[in-house]
Amino acid sequence: MTQTNTIAIKAEAVVKNYGAKAALRSIDLEIPTGGVTILLGSNGAGKSTLLRVFAMLTRIDSGNLTIHGLEMMKEGPSIRANTGAALHAPMLYGDMSVRENLMFSASILRLPRKDTLIYETAEKVGIQDRLEDRVRSLSHGLQKKVSLARAIMHEPSLLLLDEPESGLDGRSVNQLDQIIAGYRSHNRTVVMTTHIIEHGLEIADHAVVLQHGNVILMSNDPITERSAIMNAYASVGAKL
Amino acid sequence: MTDTILVIWAIARKDLVLEIRNKDVVVAITGFALLVLAIFTFAVDLSQMNAKLIGPGVLWAAIAFAGVTGLNRAFASEIESSTLEALLIAPISRDLIYLGKSLGNFLFITTAQIIVIPTFAVLFNLIVFRWEMVAICMVTAIGFSAVGTLFAAMSVRIRAREVMLPLLFLPVVTPLLMAAVESTSYLVNGGTWGEMASWLQLAIAFDVLFIVISALIFQNILED
């Protein structure tokens, strides 16, 4: 387990409402730099909203959020330059090939050696043979891999993954685990949601359980505190 | 600076590639505009006098209404495939997204104009192939795309966006439409640069004003 003193994400009293519905109610959270943090909770607990807030796709109503010490409201482009996200939707252009999608991302990220980089990243996620295929023709699982490739192409220090295992076969989940392990070994931070709690706890260094937009448990030692996490997870009505 | 231009071009180029494959926007704009022109050709007695009198108004009304049809697609397709979020999480300022999308829309409107204006010249039997017409088309397309991209982004999350976009867009572009119609009237009546200068200046001022305002407020309208 990675232990550092540096904080990757610090949320203070973060509130987000969608109309009358509260998605996040005064979230206070510190996610350490390096390692894997998993967000657990039942549907509607606020996991995906929290990831979207970290990805700067959703603006908070109140509270403070800093990512790697940078204030979210003031340092948007700098934070996004060091963040990669593969969220629920693949966020890909269906009528463009895999290569064209990755090339477009590389262009707006202003990355050098684009062709080499695209091939190397595609190889990491196991889609190097599908580079010329139109995204529309790919299965959901392959689209998730392309989305993951786009998220890691610029080697961000913060990687946000929303249920990355969904739609992946066993071999692909192993590849995903290797990528996450690579991130951990380089002291980068991964924050991910998952509904597969057993798998999540195997790879996690930290665990956060959410319920109705509140943090009800934060663990920095999910192996030792496994039963407490499982109990909290079960108490929020999530299916084990 | 070069990086900024490359990012804007990458966004516009991506829209062009998708448009070449789908032909959603240009076909919508061109088809709608040609239909309006054809209907007026049959509905109005197009003597030379009448054509010069009503032709410019019909032309720009057709392009404006058709433009709205196409602009509706500019962000709708990005929302449908969630790709707007991929742009929003990229480390680029929102005004570059605005400028890239505006450039794409400018190219679509210009392409539609290249088809619609010769058709207009034939149907209304008017001589419009002069450099002045190129200038009028350019400044009008820039204004349409500047305002249209902003309002398309504003209305994209609204359920009745097909209704809302024209309601927002058309009143705002009225000064630009007036400038385009008046300039084209001078042109078809054999007017000179000097005669249409004040209208072209109005159109250019409109373009500059709305590009600056839109780029400034664009970042506030895309997030949840």
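Cut-offs and rules
- Residues numbered from 1 in each chain as written.
- Chains lettered and ligands numbered in written order.
- Predicted model: local features only at pLDDT ≥ 70, side-chain atom pairs only at ≥ 80, totals over all residues.
- Heavy atoms only, no water.
- Pairing = 2+ DSSP bridges.
- Helix = DSSP H or I, 4+ residues; strand = E, 2+ residues; numbered from the N terminus.
- Contact = heavy atoms within 4.5 Å.
- Axes fitted to C-alpha atoms, helices over the stretch in contact; angles between N-to-C directions.
- Salt bridge = Lys/Arg side-chain N within 4 Å of Asp/Glu carboxyl O.
- Polar contact = N/O pair within 3.5 Å; in protein donor to acceptor, adjacent residues only side chain to side chain.
- Nonpolar A, V, L, I, M, F, W, Y, C, P; charged D, E, K, R; others polar.
- Domains from an automatic or database assignment.
- Buried area = accessible area lost by both parts, 1.4 Å probe.
- Buried < 20%, exposed > 50% of the residue type's maximum accessible area, 1.4 Å probe, protein only.
- 1 Å grid on protein atoms, 1.4 Å probe; cavity = no way out; pocket = protein on both sides within 12 Å on 5 of 7 lines; lining within 4 Å.
- Points joined across faces, edges and corners; volume = space filled by probe spheres on them.

Quick notes on the sheet that holds strand S2 (residues 21-32) of chain A
Residue and element names in this part refer to chain A.
Link 1 in the chain: On the basis of which strands lie adjacent, the open sheet formed by four strands has the order S2-S1-S4-S5 and antiparallel pairing. Pairing within the sheet leaves two strands with one partner each, and these edge strands are S2 and strand S5 (70-71).
Link 2 in the chain: Bridge analysis of strand S4 (residues 62-67) against S5 gives two bridges, and the strand direction is antiparallel. Pairing of Ile67 across the sheet is with Leu70, part of S5.
Link 3 in the chain: Seen against the sheet, helix H1 (residues 47-54) touches strand S1 (7-18), S2 and S4 and runs at an angle of roughly 60 degrees to S2.

A word on the interface of chain A and chain B
Link 1 in the chain: Each partner contributes to the interface: chain A provides 27 residues, whereas chain B provides 28 residues.
Link 2 in the chain: Here chain A is connected to chain B by two salt bridges.
Link 3 in the chain: In this structure, the connection of chain A to chain B is made through nine residue pairs in polar contact (both at pLDDT 80 or more).
Link 4 in the chain: Elements with a contribution of two residues or more to the side of chain A that touches chain B: S1, helix H2 (76-81) and helix H3 (98-108) of chain A.
Link 5 in the chain: Broken down by element, the side of chain A that touches chain B gets its largest block of residues, four residues, from H3 of chain A.
Link 6 in the chain: Partitioning the side of chain A that touches chain B into residue classes produces 15 nonpolar, three polar and nine charged.

Examining the domain arrangement of chain A
Residues and elements named next belong to chain A.
Link 1 in the chain: In terms of domains, chain A is made up of domain 1 (1-82 + 158-240) and domain 2 (88-155).
Link 2 in the chain: Taken together, the 16 residues of domain 1 in the interface contact 13 residues of domain 2.
Link 3 in the chain: Between domain 1 and domain 2 the total buried area reaches about 1,100 Å² when both faces are included, carbon and sulfur atoms providing 59% of it.
Link 4 in the chain: Sorting the residues of domain 1 by area buried against domain 2 places Asp162, Gln175 and Ile179 first, and these three jointly supply 32% of that buried surface.
Link 5 in the chain: Along the contact surface separating domain 1 from domain 2 lie one salt bridge.

Quick notes on unusual backbone geometry
Residue and element names in this part refer to chain A.
Link 1 in the chain: With a phi close to 65 degrees, Met56 is a non-glycine residue in the positive phi region.
Link 2 in the chain: For Met56, a relative accessible area of 8% gives the class buried.
Link 3 in the chain: The phi dihedral of Glu155 is positive, around 50 degrees, even though this residue is not glycine.
Link 4 in the chain: Note that Glu155 resides in the loop between helix H5 (140-152) and strand S7 (158-162).
Link 5 in the chain: In this structure Glu155 comes out as partly exposed when scored by relative accessible area, which is 44%.

Structural notes on the layout of surface pockets
Residues and elements named next belong to chain B.
Link 1 in the chain: Empty space within the largest pocket amounts to approximately 490 Å³.
Link 2 in the chain: Those elements that place two or more of their residues in the lining of the largest pocket are helix H1 (2-22), helix H3 (48-80) and helix H5 (94-124).
Link 3 in the chain: Residue composition of the lining of the largest pocket, by class: nine nonpolar, seven polar and 10 charged.

A word on the pairing of strand S3 (residues 35-40) of chain A
Residue and element names in this part refer to chain A.
Link 1 in the chain: Taken across its six residues, S3 has six buried, putting it largely inside the fold.
Link 2 in the chain: Here S3 shows two buried faces, one formed by Gly35, Thr37 and Leu39 and the other by Val36, Ile38 and Leu40.
Link 3 in the chain: As paired strands, S3 and strand S8 (residues 189-193) are joined by five bridges and run parallel to one another. Within the sheet, the bridge partner assigned to Leu39 lies in S8 and is Thr193.
Link 4 in the chain: Pairing analysis gives four bridges linking S3 to strand S9 (residues 206-211), with the strands arranged parallel. Among the inter-strand pairings, Leu39 is bridged to a residue of S9, identified as Val208.

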